[in-house]
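The primary structure of each chain is shown beneath.
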Amino acid sequence: LKANPPADYVIGGKTFKSSRNVFMMQMDQYHFWYADEQEIIYINYNLLKNEMVWYSDVMIKILESITW
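So, a few notes on the structure that sits alongside this text. The model shown is predicted, which means the values in this text are computed figures rather than measured ones. (Residues numbered from 1 in each chain as written. Predicted model: local features only at pLDDT ≥ 70, side-chain atom pairs only at ≥ 80, totals over all residues. Heavy atoms only, no water.)

## Here we look at the pairing of strand E2 (residues 14-23)
Each regular strand displays side chains that alternate between the two surfaces of the sheet. Across five bridges, the pairing between strand E1 (residues 7-11) and E2 is antiparallel. Bridge pairing in E2 places Ala7 opposite Ser18. Joining the antiparallel neighbours E1 and E2 is a turn of two residues, in which Gly12 adopts a positive phi near 55°. Pairing between E2 and strand E3 (residues 27-35): seven bridges, direction antiparallel. Bridged to Asn21 within E3 is Gln29. Linking E2 back to E3 in an antiparallel pair, the connection comprises three residues, with Met24 at a positive phi of about 50°. (Pairing = 2+ DSSP bridges. Helix = DSSP H or I, 4+ residues; strand = E, 2+ residues; numbered from the N terminus.)

See below:
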(Lines give C-alpha, C1' and ligand atoms only; values in the text may rest on other atoms or scores of the structure.)
Protein backbone atom coordinates (compact mmCIF):
# COMPACT_ATOMS: atom_id res chain seq x y z
CA LEU A 1 0.00 0.00 0.00
CA LYS A 2 2.93 2.36 0.47
CA ALA A 3 3.94 2.13 -3.20
CA ASN A 4 0.34 2.43 -4.43
CA PRO A 5 -1.84 4.13 -1.82
CA PRO A 6 -5.59 3.51 -2.10
CA ALA A 7 -7.45 5.76 -4.52
CA ASP A 8 -11.15 6.31 -5.11
CA TYR A 9 -12.82 4.54 -8.05
CA VAL A 10 -16.53 4.76 -8.85
CA ILE A 11 -18.23 1.49 -9.85
CA GLY A 12 -21.97 1.38 -10.36
CA GLY A 13 -22.46 4.68 -8.54
CA LYS A 14 -20.56 3.53 -5.42
CA THR A 15 -17.18 4.98 -4.49
CA PHE A 16 -14.74 2.13 -3.93
CA LYS A 17 -11.22 2.35 -2.60
CA SER A 18 -8.82 0.76 -5.06
CA SER A 19 -5.25 -0.42 -5.01
CA ARG A 20 -2.89 -2.11 -7.44
CA ASN A 21 0.18 -4.19 -6.75
CA VAL A 22 2.56 -6.48 -8.62
CA PHE A 23 2.91 -10.10 -7.52
CA MET A 24 6.31 -11.72 -8.14
CA MET A 25 6.97 -9.25 -10.97
CA GLN A 26 4.67 -11.34 -13.20
CA MET A 27 1.12 -10.44 -12.28
CA ASP A 28 -0.67 -7.14 -11.81
CA GLN A 29 -3.32 -7.41 -9.10
CA TYR A 30 -6.20 -4.95 -8.77
CA HIS A 31 -8.33 -4.65 -5.63
CA PHE A 32 -11.54 -2.67 -5.15
CA TRP A 33 -13.44 -2.55 -1.86
CA TYR A 34 -16.52 -0.80 -0.54
CA ALA A 35 -18.31 -0.99 2.81
CA ASP A 36 -21.20 0.78 4.41
CA GLU A 37 -23.70 -0.08 7.14
CA GLN A 38 -25.61 -2.43 4.78
CA GLU A 39 -23.00 -4.21 2.67
CA ILE A 40 -19.39 -5.08 2.07
CA ILE A 41 -18.20 -5.53 -1.52
CA TYR A 42 -14.78 -6.71 -2.66
CA ILE A 43 -13.75 -7.03 -6.31
CA ASN A 44 -10.38 -8.35 -7.42
CA TYR A 45 -8.83 -9.18 -10.75
CA ASN A 46 -5.37 -10.32 -11.72
CA LEU A 47 -3.62 -10.05 -15.05
CA LEU A 48 -0.35 -11.66 -16.07
CA LYS A 49 2.08 -9.19 -17.60
CA ASN A 50 1.50 -10.46 -21.17
CA GLU A 51 -2.30 -10.23 -20.67
CA MET A 52 -2.03 -6.52 -19.88
CA VAL A 53 -1.78 -5.82 -23.60
CA TRP A 54 -5.08 -7.53 -24.40
CA TYR A 55 -7.31 -7.44 -21.33
CA SER A 56 -6.80 -4.27 -19.30
CA ASP A 57 -9.30 -2.21 -21.35
CA VAL A 58 -11.79 -5.10 -21.24
CA MET A 59 -11.59 -5.31 -17.44
CA ILE A 60 -12.16 -1.57 -17.10
CA LYS A 61 -15.28 -1.84 -19.29
CA ILE A 62 -16.58 -4.75 -17.19
CA LEU A 63 -16.08 -2.77 -13.98
CA GLU A 64 -17.79 0.28 -15.45
CA SER A 65 -20.77 -1.81 -16.55
CA ILE A 66 -21.59 -3.10 -13.03
CA THR A 67 -24.91 -1.86 -11.67
CA TRP A 68 -26.49 -2.56 -8.30
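Picking up after the structure, the text goes on.
## A word on the packing of aromatic side chains
With the rule as written, the count across this model stands at four aromatic pairs. Ring geometry for Phe16 and Tyr34: centres 5.5 Å apart, planes at 40°, overall tilted. Of this pair, Phe16 sits in strand E2 while Tyr34 sits in strand E3; the two residues are 18 residues apart in sequence, bridging distant segments of the chain. With respect to burial, Phe16 and Tyr34 carry one shared label: buried. Aromatic pair Phe32 and Tyr45: ring centres 6.2 Å apart, planes at 20°, arrangement stacked. Note that Phe32 is positioned in strand E3 and Tyr45 in strand E4 (residues 40-48), a separation of 13 residues in sequence. (Phe/Tyr/Trp six-rings, centres within 6.5 Å; stacked < 30°, edge-to-face > 60°. Buried < 20%, exposed > 50% of the residue type's maximum accessible area, 1.4 Å probe, protein only.)

## Considering the sheet that holds E2
Strand order in the open sheet made by the four strands is E1-E2-E3-E4, with antiparallel pairing throughout. The open sheet has two free edges, formed respectively by E1 and E4, since each of these has just one partner strand. Each strand axis lies, on average, 30° off the axis of its neighbour in the sheet, ignoring direction. Summarising the sheet, E3 and E4 pair through nine bridges and their orientation is antiparallel. The residue of E4 that forms the bridge with Tyr30 is Tyr45. (Axes fitted to C-alpha atoms, helices over the stretch in contact; angles between N-to-C directions.)

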